[in-house]
Amino acid sequence: MFEAKTITWRDLTGNKFLKSLSPAMLSDDGYIKQQAIRRIGEADKTIFKVIYDRDYLIEYIGRFVCRNLFTLGKEETLNLVSEAWDNYYPNTVRRAAKSVASE
């Protein structure tokens, strides 16, 4: 039986940041995704188990949020992220506030 080789996202060639973010990346084992990848110089794709970890998540946020909004500064960028969170998940704000108030 074929066993896919395990690699980390750092071992990928080309654009390493095509995988969307997942909370599982924060776990001790990271998020493991089986993928067909064409290595440089090879005609066929090979199946790998790719580990996406906390470092991937941090690097992704840095590249696609922080780098693009750098001129606004950290505080304004965090304010915008907070506003975006509130727009996408308005009910979580109330639940979090309710659970804190009830303790």
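Just so we're clear, the structure is a prediction, and the values are computed from it rather than from any experiment. (Residues numbered from 1 in each chain as written. Predicted model: local features only at pLDDT ≥ 70, side-chain atom pairs only at ≥ 80, totals over all residues. Heavy atoms only, no water.)

Quick look at the layout of surface pockets
Then comes step 1: Quantified by volume, the largest pocket comes out at close to 300 Å³.
Then comes step 2: Those elements that place two or more of their residues in the lining of the largest pocket are α1 (54–66) and α2 (74–88).
Then comes step 3: No other element matches the five residues that α2 contributes to the lining of the largest pocket.
Then comes step 4: Residues belonging to the lining of the largest pocket are distributed by class as follows: nine nonpolar, no polar and no charged. (1 Å grid on protein atoms, 1.4 Å probe; cavity = no way out; pocket = protein on both sides within 12 Å on 5 of 7 lines; lining within 4 Å. Points joined across faces, edges and corners; volume = space filled by probe spheres on them. Helix = DSSP H or I, 4+ residues; strand = E, 2+ residues; numbered from the N terminus. Nonpolar A, V, L, I, M, F, W, Y, C, P; charged D, E, K, R; others polar.)

A word on the pairing of strand β2 (residues 31–38)
Then comes step 1: Alignment of β2 against strand β3 (residues 45–52), held across eight bridges, turns out to be antiparallel. The partner of isoleucine 37 across the bridge, within β3, is threonine 46.
Then comes step 2: Once β2 ends, the chain turns through six residues before running back antiparallel as β3, passing glycine 41 with a positive phi of about 85°. (Pairing = 2+ DSSP bridges.)

Digging into the sheet that holds β3
Then comes step 1: On the basis of which strands lie adjacent, the open sheet formed by three strands has the order β1-β3-β2 and mixed pairing. Each edge of the sheet is formed by a strand with only one pairing partner; in this case those strands are β1 (5–8) and β2. Direction aside, the axes of adjacent strands within the sheet are offset by 40° on average. (Axes fitted to C-alpha atoms, helices over the stretch in contact; angles between N-to-C directions.)

Re the nonpolar core
Then comes step 1: Ranked by size, the top nonpolar core spans eleven residues in total: Ile7, Trp9, Leu12, Phe17, Met25, Ile37, Phe48, Val50, Tyr52, Tyr56 and Leu57.
Then comes step 2: Elements with a minimum of two residues in this core: β3 and α1.
Then comes step 3: No other element matches the three residues that β3 contributes to this core.
Then comes step 4: With sequence-adjacent residues up to four places away left out, isoleucine 7 is seen in contact with Leu12, Ile37, Arg39, Phe48, Lys49, Val50 and Ile51. (Core = buried A, V, L, I, M, F, W, Y, C linked by side-chain atoms within 4.5 Å. Buried < 20%, exposed > 50% of the residue type's maximum accessible area, 1.4 Å probe, protein only. Contact = heavy atoms within 4.5 Å.)

Some remarks on a negative patch on the surface
Then comes step 1: A cluster of acidic residues, Glu75, Glu76, Glu83 and Asp86, forms a negative patch at the surface.
Then comes step 2: Its location among the elements puts aspartate 86 in helix α2.
Then comes step 3: Classification of aspartate 86 by relative accessible area gives partly exposed; the value is 33%. (Patch = residues over 30% accessible without salt bridge, like charges linked within 9 Å, V, L, I, M, F, W, Y side chains within 5 Å. Areas by Shrake-Rupley, 256 points an atom, 1.4 Å probe, with all protein chains shown as cover. Salt bridge = Lys/Arg side-chain N within 4 Å of Asp/Glu carboxyl O. Lys, Arg positive; Asp, Glu negative; His and termini not counted. Charge placed at Lys NZ, Arg CZ, Asp CG, Glu CD.)

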